Amino acid sequence: MLWRPLAQAFDHVPVLAQQVLASFAPLEAELDRLGEAVLIDCTLGGGGHSALLLEAHPRLRLVGLDQDPTARAAAAERLAPFGDRVEIVATNFAAYQPSAPALAVLADLGVSSPQLDVAERGFSFRLDGPLDMRMNPQAGESAAELIERLDEVELADVIYAYGEERLSRRIARKIKQHLSEQGPFKGTDALAYLVAGCYPPKARRGRIHPATRTFQALRIAVNDELGVLDRLLAQAPDWLVPGGLFGVISFHSLEDRRVKTAFSSDPRLQRVTRKPETAAEEEQSSNPRSRSAKWRVARRRVD
């Protein structure tokens, strides 16, 4: 199937917007000193966070990075009012190197609503679609190809390590059995049904769908999400001017632990947030995906 980016389908509601604005408010004092400076948004998405920060800081310029063509198209439309203050780069942030130091670096590690809600992207078990899950739909290995390539033990290890799924071995065994007996899965719904069947009946009716952890694990593996996060955490401090801010929004414990460790142990950084900031009850009610969001900030040391 030919997949085309549709900007109108990408309506990015930025999570923890007030926390991001408050944490980055000190940028204004640095802008008084520097005149103008750059924000690198490593996960531009629909441009929600960037639009808020560009509006709050008129002397700030943006370099927005995203490998998803849908996101870039939507962000270009949303950020058009800011004119030449905005540069959008088609890249994964792990492959990027800035041409000059930045005043701030922002990364929102969550999968956006349009990626989850467009069935053709294959991220969601709520909407039947092909087993794809690639952030960049034009490159790399799909989830279907991944589960075909891995043997049962390797697949179980992926589901356990990236999904923290206690039934990983049973699920992997059933997946490989299905592939050998019935061939490729027809779509995300068929895989989700198989995973749910690995749980006892009572456990299938919880608040979290039984396939959630398996789908998370496959998505992380397909996109090497933890590997690229590790590279970002290693590289981004060197992108910053002394006193510059580095903020990360994570959505599950595997990411948050890495961010916490980097911010507390990297000699280039000084923690600004001792504990992660989370969404208020009102935001959690209006945007359920904000419930797991955690915001941490560090500052590039001056000395």
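Draft legend 1. Molecular detail of the nonpolar core. One finds Phe24, Leu39, Leu79, Ile249 and Trp295 to be the most contacted residues of the largest nonpolar core, which totals 29 residues. Among the elements of the structure, helix H2 (27–34), strand S1 (37–41), helix H3 (48–56), strand S2 (60–66), strand S4 (102–108), strand S5 (240–250) and strand S7 (294–300) are those that each provide at least two residues to this core. Excluding residues that lie within four positions of it along the chain, Phe24 makes contacts with Leu39, Leu53, His57, Ala104, Val105, Leu106, Leu245, Gly247 and Trp295. One finds Tyr96, Leu109, Val228 and Leu232 within the second-largest nonpolar core, a separate group that totals 27 residues.

Draft legend 2. Spatial organisation of the pattern of salt bridges. In the structure shown here, the tally under the stated rule is 17 salt bridges. One salt bridge in this structure joins Arg149 and Glu141, with 2.8 Å as the shortest N-O distance. With a closest N to O distance of 3.4 Å, Arg169 and Asp157 form a salt bridge. Of this pair, Arg169 sits in helix H8 (residues 168–182) while Asp157 is found in helix H7 (residues 152–163), placing the two residues twelve residues apart along the sequence. When salt bridges with common partners are traced through the structure, they connect Asp238, Asp266, Arg268 and Arg300 into a single cluster.

Draft legend 3. Representation of the packing of aromatic side chains. Enumeration according to the criterion identifies three aromatic pairs in this entry. Both rings, one in Tyr96 and one in Trp239, keep their centres 5.7 Å apart while their planes meet at 85°; by these two values the pair is edge-to-face. Highlighted residues: Tyr96 in the loop between strand S3 (86–90) and S4 and Trp239 in helix H11 (residues 225–239), separated in sequence by 143 residues. Taking the relative accessible area as the measure of exposure, Trp239 reaches 2% and is therefore buried.

Draft legend 4. How the structure looks around the pairing of S2. Here S2 lies mainly inside the structure; six of its seven residues are buried. What joins S1 to S2 is H3, and the crossover it makes is right-handed. Pairing geometry for S2 and S3, over five bridges, is parallel. Looking at the pairing, Val63 lines up with Glu87 of S3.

Draft legend 5. The sheet that holds S7, seen in detail. A sheet is described by the order of its strands in space; here seven strands give the open sequence S3-S2-S1-S4-S5-S7-S6, paired in mixed fashion. Looking at which strands have only one partner, the edges of the open sheet turn out to be S3 and strand S6 (269–271). Averaged over all adjacent pairs, the angle separating strand axes in this sheet is 20°, with direction ignored. Direction of pairing for S1 relative to S4: parallel, over a ladder of three bridges. Counterpart to Ile40 in the pairing with S4 is Val105. Seen against the sheet, H2 touches S1, S2, S4 and S5 and runs at an angle of roughly 150° to S4. Along the sheet, helix H4 (residues 69–78) makes contact with S2 and S3, crossing S3 at roughly 170°.

What counts, and where the lines are drawn
Here the residue numbering is sequential within each chain, running from 1 through the sequence in written order. Given that the model is predicted, a residue must reach a pLDDT of at least 70 before its local features are reported, and side-chain atom pairs must reach 80 or more before they are shown or counted; all residues, however, enter totals for whole chains, interfaces and linings. The side-chain quantities take in all heavy atoms of the structure and omit both hydrogens and water. Side-chain atoms within 4.5 Å link the members of a nonpolar core, which is a set of buried Ala, Val, Leu, Ile, Met, Phe, Trp, Tyr and Cys residues. Only protein chains enter the accessibility calculation, which uses a 1.4 Å probe. A residue is then buried if its area is under 20% of the maximum for its type, exposed if over 50%, and partly exposed in between. Secondary structure counts use DSSP, requiring at least four H or I residues in a row for a helix and at least two E residues in a row for a strand, with both numbered from the N terminus. It only takes one pair of heavy atoms within 4.5 Å for two residues to be counted as in contact. Salt bridges are identified by distance alone: a Lys or Arg side-chain nitrogen within 4 Å of an Asp or Glu carboxyl oxygen. Only Phe, Tyr and Trp rings take part, Trp by its six-membered ring, and two of them pair if their centres are within 6.5 Å. Stacked means planes under 30 degrees apart, edge-to-face means over 60, and tilted covers everything else. Think of it like this: strands point away, you trace from the first strand over the helix to the second, and a clockwise trace means the crossover is right-handed. Here the rule is simple: two strands pair whenever DSSP picks up at least two bridges between them. Note on geometry: axes are C-alpha line fits, over the in-contact stretch for helices, and angles between N-to-C directions span 0 to 180 degrees.

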